[in-house]
Amino acid sequence: MTTSKNVSGKLSMKLSKKTKDNLITYGIVVAAYLIFTALAATGHLSSHMKGLLVPMTYYAVIAVALNLCVGILGELSIGHCGFMCIGAFTSAFFSKVMETKLPAGPRFVLAFIVGIAFAGFFGFLIGIPVLRLKGDYLAIVTLAFGEIIKNVINAFYIGVDSHGLHFSMKNSMALEMEADGQVIVNGAMGITGTPHNSSFTVGIIVLLLALFVVQNLVNSRDGRAVMAVRDNYIAAEATGIKVTKYKMMAFVISAAIAGAAGVLFSHNITTLTATSQYFGFNASIMILVYVVLGGIGNIRGSVIAACVLYLLPELLRGLSTYRMLIYSIVLIVMMIYTWSPKVIDWRKRTFGARKLPGMKA
């Protein structure tokens, strides 16, 4: 009887610690929102910096998504920009088609649902063959998926007129639409004129929802099963855990959250194009850098790293000549501080159990 009480007491203490940790993460995001909003309202934030706030939020969202896949599931993916691309284009397409048929608010909410649903669906389709692979092979296949999606979208020409949708892979003239027709997806020129519904407030709400989903998953029974699969595939399978089910679940949720980041992205720019600048290999590596420097498996660290490392080059823009040099030095210092065994030992001796927000002890 006493033993069971002790066990339940330890579990409740552990749960309360996790809850407190989650609340700290939400508090950091809300505090950052209030600070930036106050600076913008009082005129202490330049127009250039105001324009960086929404991109900062959707890069933080996709960093959370990728950390779920890399840190919690333990599968290296370099194709999450592909899911972001799917979410961006499907939601932008929906918003353009429904622009005159639905009010802005409901249309934007439905655009989110469409983008998330399509990204999650493609995550499921890609996950069927991809999750059978391991290590470098999985990374190569997901990278190929991201490049394929980008190039396939660039070949699409889609228009709408009074007779409905028209599709072609030749050119816009091949759509053969009526005079009232409108080309929505114009090949490599992408989608132009998507409604600008994304804002800093909306981005923060989406980020909080993504954190809520991921952190509750991690602390749930399903999350523990996912981490058991990550730690020891054979042992997890031997204890009766359905390995394929939990890997697929985590991968699909990760893809869906990346799709949400794509919706924010597409509704924040005038012209949406499937270029390497936004959805290519370099963009995927940049997001992976956010995850690694924030701490693999550390969701809060991903958010902090994404925000700091996205804003840093822009804050250093005045130094023009030395901007990227300073940025590179900061990356190296952060990597050594976070991952070097000797530095970790020194931190433990110096600071004890204390640590910087988002950093592993």
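Heads up: the structure comes first, above all this text.
Please read all numbers here as calculations on a predicted model, not as lab measurements.

Things to note about the overall build of the protein
Secondary structure summary: the protein contains 14 helices and five strands in total. Per-residue burial over the protein gives 46% buried out of 361 residues. A fraction of 71% describes how many contacts in the protein between residues 6 or more apart in sequence connect residues 24 or more apart.

Some points on the packing of aromatic side chains
The geometry of two aromatic rings is summed up by the distance between their centres and the angle between their planes. Taken as a whole and assessed by the stated rule, the structure comprises 14 aromatic pairs. Aromatic side chains Tyr59 and Tyr310 sit 5.2 Å apart centroid to centroid with 35° between the ring planes, which places their arrangement in the tilted category. Taken together, the positions of Tyr59 in helix α2 (residues 47–72) and Tyr310 in helix α12 (residues 299–315) put the pair 251 residues apart, joining distant regions of the chain. The two residues Tyr59 and Tyr310 agree in class, both being buried. Three or more aromatic residues link up through ring pairs in this structure, and these residues are Tyr58, Tyr59, Phe265, Tyr278, Phe279, Tyr290 and Tyr310.

A word on a positive patch on the surface
Taken together, Arg221, Arg224, Lys242 and Lys245 make up a surface patch of like positive charges. Inspection of the secondary structure assignment puts Arg221 in helix α7 (residues 221–231).

A word on helix α4 (residues 104–130)
In this model α4 runs 38 Å from its N-terminal to its C-terminal C-alpha over 27 residues, within 8% of the 39 Å that 1.5 Å per residue would give. For α4, the complete set of buried residues consists of Arg107, Phe108, Ala111, Phe112, Val114, Gly115, Ala119, Gly120, Gly123, Ile126, Gly127 and Val130.

Examining the sheet that holds strand β3 (residues 182–186)
In space, the three strands of this open sheet follow the order β2-β1-β3, with antiparallel pairing throughout. Both edges of this open sheet fall to β2 (164–168) and β3, since each of them pairs with a single strand only. When the angles between neighbouring strand axes are averaged without regard to direction, this sheet yields 20°. Across the sheet, helix α3 (residues 80–97) is in contact with β1 (157–161), β2 and β3; its angle to β3 comes to roughly 175°.

Looking at the pairing of β2
With five bridges joining them, β1 and β2 adopt antiparallel strand pairing. Following the sheet pairing, Val160 is matched in β2 by Leu165. Two successive antiparallel strands, β1 and β2, enclose a turn made up of two residues.

Some points on the environment of Arg230
Its location among the elements puts Arg230 in helix α7. A relative accessible area of 33% places Arg230 in the partly exposed class. For the pair Arg230 and Gly71, spaced 159 residues apart in sequence, the C-alpha separation works out to 8.8 Å. Discounting residues that sit within four places of it in the chain, Arg230 has contacts with Gly71, Ile72, Leu73 and Gly74.

Section: the side chain of Ser302
Along the chain, Ser302 falls in helix α12. Of the polar contacts made by the side chain of Ser302, one reaches the side chain of Asn67; its length is 2.4 Å. Apart from the residues lying within four places of it in its own chain, the contact partners of Ser302 are Ala63, Asn67, Tyr290, Val291, Gly294 and Gly295.

Quick look at the side chain of Thr25
Along the polypeptide, Thr25 turns up in helix α1 (residues 2–41). In this structure the side chain of Thr25 is engaged in a polar contact, spanning 3.4 Å, whose partner is the side chain of Gln215. The residues contacting Thr25, other than those within four sequence positions of it, are Leu211, Gln215 and Arg300.

Rules and cut-offs
Residues numbered from 1 in each chain as written. Predicted model: local features only at pLDDT ≥ 70, side-chain atom pairs only at ≥ 80, totals over all residues. Heavy atoms only, no water. Helix = DSSP H or I, 4+ residues; strand = E, 2+ residues; numbered from the N terminus. Buried < 20%, exposed > 50% of the residue type's maximum accessible area, 1.4 Å probe, protein only. Contact = heavy atoms within 4.5 Å. Phe/Tyr/Trp six-rings, centres within 6.5 Å; stacked < 30°, edge-to-face > 60°. Patch = residues over 30% accessible without salt bridge, like charges linked within 9 Å, V, L, I, M, F, W, Y side chains within 5 Å. Areas by Shrake-Rupley, 256 points an atom, 1.4 Å probe, with all protein chains shown as cover. Salt bridge = Lys/Arg side-chain N within 4 Å of Asp/Glu carboxyl O. Lys, Arg positive; Asp, Glu negative; His and termini not counted. Charge placed at Lys NZ, Arg CZ, Asp CG, Glu CD. Expected span 1.5 Å × (residues − 1). Pairing = 2+ DSSP bridges. Axes fitted to C-alpha atoms, helices over the stretch in contact; angles between N-to-C directions. Polar contact = N/O pair within 3.5 Å; in protein donor to acceptor, adjacent residues only side chain to side chain.

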